[in-house]
Number of protein chains: 2
Amino acid sequence: MSTQTKPNKKELTREKNQTLILDAAEQLFSQLGYDGTSMSMIAKEASVPKANILYYFKSKDGLYENVIDRIIAHWNLGLDNVSPDDDPAHVLYNYVKSKVILAVNQPLQSRLFASEILRGAPYLQNYFRANTRPWVKQKVDVFQAWIDADKMDNVDPYHLLFTIWSTTQYYADFQAEVLLVMNKLEYDETDVAQITQSIAHIILKGIGLKIPEQREA
Amino acid sequence: MSTQTKPNKKELTREKNQTLILDAAEQLFSQLGYDGTSMSMIAKEASVPKANILYYFKSKDGLYENVIDRIIAHWNLGLDNVSPDDDPAHVLYNYVKSKVILAVNQPLQSRLFASEILRGAPYLQNYFRANTRPWVKQKVDVFQAWIDADKMDNVDPYHLLFTIWSTTQYYADFQAEVLLVMNKLEYDETDVAQITQSIAHIILKGIGLKIPEQREA
DNA sequence: TTAGTAATTGACCTTTCGGTCAATAAAGAT
DNA sequence: ATCTTTATTGACCGAAAGGTCAATTACTAA
């Protein structure tokens, strides 16, 4: 919106190239981590001279931050517009389901975040403080309202949220282990339903809720 | 046992130095990852010339493999000697509890494994195939026996195991996120009990079990 | 005492890293 | 047409990476 006044040729090619670079960087950082990825690898993957990357993004750090920022922008944490009046079973079931779908279908971004947090979240600290923490606080308050209204068991809302995050993201971040243990090459169509069903069963029943009727997709 | 016949001075100093190096390497690899750790950093941390490390361990890869092997050797997966005759509630409660204690008190090794699996488990594949997979198979069979005997709900045993692993390890691998979200600097004494309680409540109740009476520690 | 083996380490090698720079090309404004 | 600004890129830089090597030291077995 700031540069909407000039849809020049320059602007267009610049954004095209930046997108090209960011796509390549996202893929490589996700697979190999920050330290495991070099600027020349990104350049080669994006079919762009290395110096051009340094022209658009001032450093490797800058590029990495841009990659993370872009993912965050696309990434809706879900569970929005949830209120104490809602039915916890439906809300949580849908949340689990959407997280499992995300984990199975788009594991790269989840893994990028995971490796970032593993190293102490150097680039995500500020984001967590400014965004995630208040977001979590709000959901936790709703959970607590449900508990107070006897809609569900008295389970610490923070740990309930961590339980949902951990169980669902596990299938993205630790995909290699899951597949090795289950002796599979990749997830198949039935896995999403099977995983969702198992997790939802344990968690919902585990906090005193009933699993909602499932409508055909 | 092969060189037990010669407890020379040489042997002693060799093992002492190897341990020194492995300790330093384990710590650094855990914190910074494989690519983020350099041989000279390890040398400095172990107070040993870099060339000496290359003398004992032929390459960085070799050292890394030795670090992983040593952790695996120390690492008992727990849940051993479990049989269909056991009480699932007690067995699983104790398993969750021991995993939480491990996650909170010794997160470094957990994180080393996590970052290894994140990258596709290049060094752990063989281990998983040879050890973890059969280990899992055995536990899964016991879980299934419990299900068949109506001792617990019919939840896919693999996903039940993944649920236990993910929820407990989360507090080690994603410690940075947990602490940031909860606005803490570190885990305190009450956290282990609180985490154990929350996870055990959800999972045990979630598969139709009762939480065992808790005896004072 | 001495011959032989294992351990130690400073110096050095090649490669690759992130990053700079100057020269050139392309585009927009006048 | 010309001037100014922005993009593009090959060549290059110092630092640090993993690893080698040869010379020296420490130890053991005869």
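Within every chain, residues take consecutive numbers counted from 1 along the sequence as written. All chains are assigned letters beginning with A, and all ligands numbers beginning with 1, in the order in which they are written. Reporting of local features is limited, given that this is a predicted model, to residues whose pLDDT is at least 70; pairs of side-chain atoms are given and counted only at 80 or more, and all residues count toward the totals for whole chains, interfaces and linings.

Brief notes about the nonpolar core
Soluble, globular proteins show a tendency: their nonpolar side chains are buried together.
Here is step 1 of the chain: Core membership is restricted to buried Ala, Val, Leu, Ile, Met, Phe, Trp, Tyr and Cys residues, and these are joined into a nonpolar core through C-beta atoms within 7 Å. Buried, partly exposed and exposed are defined by the number of other C-beta atoms within 10 Å of a residue's own C-beta, namely 20 or more, between the two limits, and 12 or fewer respectively, with C-beta atoms placed from the backbone. Residues Ala-25, Val-96 and Ile-203 of chain A together with Ala-25, Val-96 and Ile-203 of chain B are the most contacted members of the largest nonpolar core, which totals 100 residues.
Here is step 2 of the chain: Filtering out sequence-adjacent residues up to four positions away, Ile-203 of chain B remains in contact with Ile-202 and Gly-206 of chain A together with Leu-92, Val-96, Thr-163 and Ile-164 of chain B. Here, residue contact means that the backbone-derived C-beta atoms of the two residues sit within 7 Å.

Examining the environment of Leu-108 of chain A
Here is step 1 of the chain: Strands are runs of DSSP state E lasting at least 2 residues, helices are runs of H or I lasting at least 4, and numbering of each runs from the N terminus. For Leu-108 of chain A, the location among the structural elements is in helix α6 (residues 107-118).
Here is step 2 of the chain: Spatially, the C-alpha atoms of Leu-108 of chain A and Leu-209 of chain A are 32 Å apart, while their sequence positions differ by 101 residues.

Focus on helix α10 (residues 189-206) of chain B
Here is step 1 of the chain: Helix length check: α10 of chain B, at 18 residues, gives a terminal C-alpha distance of 26 Å against a target of 26 Å (1.5 Å per residue), a fit within 8%.
Here is step 2 of the chain: Of all the residues in α10 of chain B, the buried ones are Ile-195, Thr-196, Ser-198, Ile-199, Ala-200, His-201, Ile-202, Ile-203, Leu-204, Lys-205 and Gly-206 of chain B.
Here is step 3 of the chain: Buried-residue contacts for α10 of chain B involve α8 (157-173) and α10 (189-206) of chain A together with α5 (88-105) and α8 (157-173) of chain B.
Here is step 4 of the chain: Following α10 of chain B by one or two positions, Gly-208 of chain B has its phi on the positive side, about 85°. Here the expected span of a helix is defined as 1.5 Å times the quantity of residues minus one.

A few points about the interface of chain B and chain A
Here is step 1 of the chain: Taken together, the contact between chain B and chain A spans 46 residues of the former and 46 residues of the latter.
Here is step 2 of the chain: Mapped onto the side of chain B that touches chain A, the elements with two or more residues apiece are α1 (9-36), α6 (107-118), α7 (125-148), α8, α9 (175-182) and α10 of chain B.
Here is step 3 of the chain: When its residues are assigned to classes, the side of chain B that touches chain A shows 22 nonpolar, 15 polar and 9 charged. Residue polarity is assigned by list, with Asp, Glu, Lys and Arg as charged and Ala, Val, Leu, Ile, Met, Phe, Trp, Tyr, Cys and Pro as nonpolar; anything else, Gly included, falls into the polar class.

Describing unusual backbone geometry
Here is step 1 of the chain: Even without being glycine, Asn-183 of chain A reaches a positive phi, approximately 60°.
Here is step 2 of the chain: By secondary structure assignment, the location of Asn-183 of chain A is in the loop between α9 (175-182) and α10.
Here is step 3 of the chain: The backbone phi angle of Ser-47 of chain B is positive, close to 55°, even though this residue is not glycine.

Describing the packing of helix α7 (residues 125-148) of chain A against α9 of chain B
Here is step 1 of the chain: Note on geometry: axes are C-alpha line fits, over the in-contact stretch for helices, and angles between N-to-C directions span 0 to 180 degrees. Contact pair α7 of chain A / α9 of chain B: the axes reach a minimum separation of 8 Å and the direction vectors enclose 60°. Taken together, the axis directions place α7 of chain A and α9 of chain B in an arrangement best described as oblique. Where α7 of chain A crosses over α9 of chain B, the two elements pack in a sense that is right-handed. Listed contacts from α9 of chain B to Gln-125, Phe-128, Arg-129, Thr-132, Arg-133 and Val-136 of chain A of α7 of chain A are Glu-177, Leu-180 and Val-181 of chain B.
Here is step 2 of the chain: Among the residues making up the contact of α7 of chain A with α9 of chain B, the classes are represented as 4 nonpolar, 2 polar and 3 charged. Here is the rule for angles: anything less than 35 degrees is roughly parallel, anything more than 145 is roughly antiparallel, 65 through 115 is roughly perpendicular, and the remaining ranges are oblique. Helix crossings are classified by the rotation of the near helix relative to the far one: an anticlockwise turn of less than a right angle makes the crossing left-handed, while a clockwise turn makes it right-handed.

By themselves, these are just geometric observations and shouldn't be taken as functional.
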